[in-house]
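# Coordinates in review
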Amino acid sequence: MDLDAVRTVVAVADAGQFQEAAADLSVTQQAVSKRVAALEKELGVRLFTRTARGARLTIDGQAFLPHARNLLLAEERAAASVRPGRRALRVDVIGRRIAPAGLLRDFHRAHPGIDLDVVALLDIGEAVSAIRSGTIDASFRAVTAPLPDGVTATRVLDEPLQLLTGPAHPLAGARAVTPAALTKHRIWMPGIVTGTEWAAYYAELAAAFGLTIDATGPNFGTEALFDVIADSAVVATLVGAQSRLLWPADHDLRRIPLVDPTPVYPHSLVRRRDNPHPGLTALVEHVERPRHHPAGTWVPGWAATS
């Protein structure tokens, strides 16, 4: 059904005259007549009766009018749902307990009027495809390779890594450890997925410091991983210093800083350059930080110049 014709019928019904409706719609009276006639032909009924005083709705026209108004209201709602600034800002994070999710929570507290829709995609390839297609507005990712034209990234957070051990682990009492000190210890990270950006990060970390990072075995989630670490004297894992992690108090897990150097995970905000959503502009301004790489930190070669 032609919504312009529906809009014209509503205008004529409200104005009571074809000529006045034409002025309201900024079209000619002939155009109004043609639109009404076309819709009447499509519906198979007459909607108006012309009188000396103008146009009066027929019984069929009176029945059609409230539905016509609903059609125009639905059109407006549909347009408003995707109008920049009216729909929710859709942002991807790998997980809801990692540091970028904390940045989003801070952003939401600072901008409560901007609706957020938070999703979790698998890897940067899927995220970039979603950004290019408009399925999402932005993604927090480590950027391991050049991005396609029109897609840009802003480095927003370098998150230090920590060693997580149980109370019986030989390093449990250390105030800090160096990456070199981990060469003889098993680091178990079953959440590493081949082909992802975090798999690339930990592969380069292991190669740089001669570490053994074991990703074998089923991934039953962080709770199951923490259970194993709590009871083990040989197994440890790596976590982000700003990740929100919870475990039972009797696990007595230890978060130990890595130093000399401190490996950091490079989080960037990835988005399209031409995305007009005002919420995205506000998000970039909220999370953007000056680019600097403090002495004593380590990042992979693909992140060193970003």
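Summarised in this report is the structure supplied together with it. (Residues numbered from 1 in each chain as written. Predicted model: local features only at pLDDT ≥ 70, side-chain atom pairs only at ≥ 80, totals over all residues. Heavy atoms only, no water.)

The next thing to look at is the nonpolar core. Here is a general trend for soluble globular proteins: nonpolar side chains tend to be buried in one another's company. Formed by 24 residues in total, the largest nonpolar core has its most connected members in Leu163, Leu182, Tyr202, Leu205, Leu211, Ile213 and Leu238. Of all the secondary structure elements, the ones that give two or more residues to this core are strand 6 (151-165), helix 7 (197-209) and strand 9 (235-240). The biggest single contributor to this core is helix 7, with seven residues. For Leu238, the contacting residues outside a window of four places in its chain are Leu161, Gln162, Leu163, Leu182, Ile187, Met189, Tyr202, Leu205 and Leu258. Ranked by size, the runner-up nonpolar core spans 20 residues in total, among them Ala5, Ala22, Ala68 and Leu72. (Core = buried A, V, L, I, M, F, W, Y, C linked by side-chain atoms within 4.5 Å. Buried < 20%, exposed > 50% of the residue type's maximum accessible area, 1.4 Å probe, protein only. Helix = DSSP H or I, 4+ residues; strand = E, 2+ residues; numbered from the N terminus. Contact = heavy atoms within 4.5 Å.)

Moving on, we come to the packing of helix 1 (residues 3-15) against helix 3 (residues 29-43). Where helix 1 contacts helix 3, the axes come no closer than 9 Å and their chain directions differ by 110°. As the angle between them shows, helix 1 and helix 3 are arranged roughly perpendicular. Relative to helix 3, the crossing made by helix 1 is left-handed. Residues Asp4, Ala5, Val6, Thr8, Val9 and Val12 of helix 1 pack against Val32, Arg35, Val36 and Leu39 of helix 3. (Axes fitted to C-alpha atoms, helices over the stretch in contact; angles between N-to-C directions. Parallel < 35°, antiparallel > 145°, perpendicular 65-115°, else oblique. Left-handed = near helix turned anticlockwise from the far one by under 90°.)

Of all eleven residues that make up strand 11 (residues 262-272), ten are buried, and the element is covered over most of its length. When strand 5 (residues 138-141) meets strand 11, the two strands line up antiparallel, connected through four bridges. Counted as the bridge partner of Ala138 is Arg271 from strand 11. Bridge analysis of strand 6 against strand 11 gives nine bridges, and the strand direction is antiparallel. Directly across from Asp158, in strand 11, lies its bridge partner Pro266. (Pairing = 2+ DSSP bridges.)

The next subject is the environment of Gly166. Looking at where Gly166 falls in the secondary structure, it is placed in the loop between strand 6 and strand 7 (186-188). Put simply, Gly166 and Arg46 are 120 residues apart on the chain and 81 Å apart in space, counted from C-alpha to C-alpha. Other than its neighbours up to four places away in sequence, Gly166 contacts Ala172, Ile229, Ala230, Asp252, Leu253 and Arg254.

We now examine the layout of surface pockets. Considered as a void within the structure, the largest pocket measures approximately 830 Å³ in volume. Considering the residues around the largest pocket, the lining is formed by 26 residues, among which Ile94, Ile98, Met189, Gly191 and Thr222 are closest to the centre. The set of elements that each furnish at least two residues to the lining of the largest pocket consists of strand 6, helix 7, helix 8 (222-231), strand 9 and strand 11. Looking at which element gives the most residues to the lining of the largest pocket, the answer is strand 9, with four residues. (1 Å grid on protein atoms, 1.4 Å probe; cavity = no way out; pocket = protein on both sides within 12 Å on 5 of 7 lines; lining within 4 Å. Points joined across faces, edges and corners; volume = space filled by probe spheres on them.)

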